[in-house]
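What follows is the residue order along each chain.
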Protein chains: 2
Amino acid sequence: MQIGLVGGTGKEGSGLAMRWAQAGHSVRIGSRDALRGQERARELSEQAQVTIEGGDHQQAILPSEVVIVCVPYSAHAATFRALRELLVPEQIVVDVTVPLRPPRVGRVHLPPGQSAALEAAEILGDHPRLVAGVHHISAPHLAALEYPINSDILICGDDKQAKQVMISLADDLGARGLDAGVLANSIALEAFTPVLIHMNKVYGARGTGVRITGIDKDI
Amino acid sequence: MQIGLVGGTGKEGSGLAMRWAQAGHSVRIGSRDALRGQERARELSEQAQVTIEGGDHQQAILPSEVVIVCVPYSAHAATFRALRELLVPEQIVVDVTVPLRPPRVGRVHLPPGQSAALEAAEILGDHPRLVAGVHHISAPHLAALEYPINSDILICGDDKQAKQVMISLADDLGARGLDAGVLANSIALEAFTPVLIHMNKVYGARGTGVRITGIDKDI
């Protein structure tokens with residue numbers, strides 16, 4: 001698939017870009033600064049021994065069937081306002097933002113709209129192909145390509161076909177993608193990340209994750 | 001330990017009562033109707049081949065070091081208002097309520113106070129030894145004593161010592177009790193249950209649960 005990553009120069013976006021490119025997808029990363037996007041794409045291409053393209057946000061979005069938004073929550077609303085002008089209705093948009101509130105990132109703080117993804121839906125207006133997910137894999141794990149992801153990737157959304165596409169893309173990361181319900185369930189998925197951050201600290205773990213028991217699906 | 005279960009005649013309370021009694025704890029179940037509490041205690045004692053006592057809520061609460069509240073959300077506020085008059089400050093109170101909103105129980109709906117446990121804290125006022133947990137084990141699994149619980153039990157609370165007591169009691173259920181952070185993290189724990197209910201339906205599972213990856217703790 002044609003995948004564009006908005007905020008693809010950050011840690012999480014970089015890991016996703018390299019893993020999807022290795023799985024055979026055509027990946028473009030976008031930065032607010034086109035030169036920085038190109039430079040980071042060269043670095044990641046070399047690191048993962050694949051071809052990743054880079055440029056500004058528009059260059060990452062326009063040719064993509066799936067647009068992944070991985071920006072810090074502080075840039076979330078502005079990014080989606082900019083996206084609104086660039087998207088066409090067929091494009092699937094995936095919000096992976098977790099609304100952490102520093103410095104107490106191990107404590108749940110709901111954003112005003114209850115979840116970042118519901119706020120994104122509000123900003124985008126009538127764009128139905130919005131899904132949310134990939135909130136529980138730590139960025140260092142994603143970027144450590146030799147590290148198999150042994151936790152699940154939960155995906156929610158109101159458009160079943162769009163959700164299914166993203167579940168398959170989660171499988172392609174080497175994890176197990178699972179259907180976590182409607183977009184409103186992003187409240188639970190996003191809020192669970194501070195719990196994992198707390199457990200990282202208490203149990204001295206590098207990157208805790210979630211695995212759902214009682215489901216037969218393998219990847 | 002001396003454990004009292006308020007709402008102990010329901011499915012979840014019954015499973016907890018039998019498993020803790022089998023682990024050697026002294027368990028009392030309470031019902032609004034004392035006779036019903038006694039009768040149910042006799043049934044459970046026979047089923048689990050242990051001694052479980054029963055009576056009204058007051059009889060379950062007064063001698064107990066740990067009071068577990070497992071009532072439907074519709075009875076939650078009234079139960080905690082009644083509890084306020086009966087508790088002493090040393091008693092640990094554990095809220096296991098999940099605020100589901102039928103009929104769409106596979107969709108996250110936050111209660112007005114963001115979580116049932118935060119609403120309980122508001123009602124109890126200055127009772128610091130309130131913790132929340134055990135939101136993710138299905139009641140039929142708890143009551144099927146031959147069934148080992150292969151998922152984790154997440155416990156949150158602001159009083160570290162009270163939280164640690166409940167984590168040990170979770171271990172005694174045959175699951176792995178884990179520290180999930182401050183009481184505000186009950187927002188995430190409670191909201192995750194509709195996600196599990198959704199996955200039960202989508203994947204035809206009897207009872208999905210949560211396991212945290214990346215943590216070394218065994219029980």
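Basis of the calculations
Residues numbered from 1 in each chain as written. Chains lettered and ligands numbered in written order. Predicted model: local features only at pLDDT ≥ 70, side-chain atom pairs only at ≥ 80, totals over all residues. Helix = DSSP H or I, 4+ residues; strand = E, 2+ residues; numbered from the N terminus. Rg over C-alpha atoms; globule rule 2.2 N^0.38 Å. Buried ≥ 20, exposed ≤ 12 C-beta atoms within 10 Å, placed from the backbone. Contact = placed C-beta atoms within 7 Å. Axes fitted to C-alpha atoms, helices over the stretch in contact; angles between N-to-C directions. Left-handed = near helix turned anticlockwise from the far one by under 90°. Nonpolar A, V, L, I, M, F, W, Y, C, P; charged D, E, K, R; others polar. Pairing = 2+ DSSP bridges.

**Topic: the overall build of chain A**
No. 1: A count of helices and strands for chain A gives 8 helices and 9 strands.
No. 2: The C-alpha radius of gyration of chain A comes to 16 Å, within 12% of the 17 Å expected for a compact globule of 219 residues.
No. 3: Each of the three principal axes of chain A carries a C-alpha extent, and together these read 40 × 40 × 40 Å.
No. 4: When the 219 residues of chain A are sorted by exposure, 58% land in the buried category.
No. 5: The long-range share in chain A, meaning contacts at least 24 apart out of those at least 6 apart in sequence, stands at 72%.

**As for the packing of helix α4 (residues 76-86) of chain B against helix α5 (residues 116-124) of chain B**
Residue and element names in this part refer to chain B.
No. 1: Running from N to C, α4 and α5 cross one another at 35°; their axes reach a closest spacing of 9 Å. Like other packed secondary-structure pairs, α4 and α5 cross with a definite hand, here right-handed. On the side of α4, the interface is formed by His-76, Ala-77, Phe-80, Arg-81 and Arg-84, while α5 contributes Ala-116, Glu-119, Ala-120, Ile-123 and Leu-124.
No. 2: Partitioning the contact of α4 with α5 into residue classes produces 6 nonpolar, 1 polar and 3 charged.

**Re the interface of chain B and chain A**
A common way to report how large an interface is uses the accessible area buried once the components associate.
No. 1: If you look at the interface, chain B gives 36 residues, while chain A gives 36 residues.
No. 2: Those elements giving two or more residues to the side of chain B that touches chain A turn out to be β8 (176-179), α8 (186-202) and β9 (209-213) of chain B.
No. 3: Examining the composition of the side of chain B that touches chain A, we find that 9 residues originate from one element, α8(B), more than from any other.
No. 4: Class assignment for the residues of the side of chain B that touches chain A results in 19 nonpolar, 12 polar and 5 charged.
No. 5: Relative to β9(B), strand β9 (residues 209-213) of chain A is paired through 5 bridges, and the arrangement is antiparallel. Bridge pairing in β9(B) links Ile212(A) to Val210(B).

**Remarks on the sheet that holds strand β2 (residues 26-31) of chain B**
All names here are of chain B.
No. 1: Here we have 8 strands laid out as an open sheet, ordered β3-β2-β1-β4-β5-β6-β7-β8, and mixed in their pairing. The open sheet has two edge strands with one neighbour each: β3 (52-56) and β8. Taken pair by pair, the neighbouring strands of this sheet meet at an average axis angle of 25°, ignoring direction.
No. 2: Bridging between strand β6 (residues 130-133) and strand β7 (residues 152-157) involves 3 bridges; their strand directions are antiparallel. The residue bridging Ala-132 from the neighbouring strand is Cys-156, located in β7.
No. 3: Here α5 sits on the sheet in contact with β5 (92-95) and β6, set at roughly 165° to β6.

Functional significance is not addressed by these values, which are geometric in nature.
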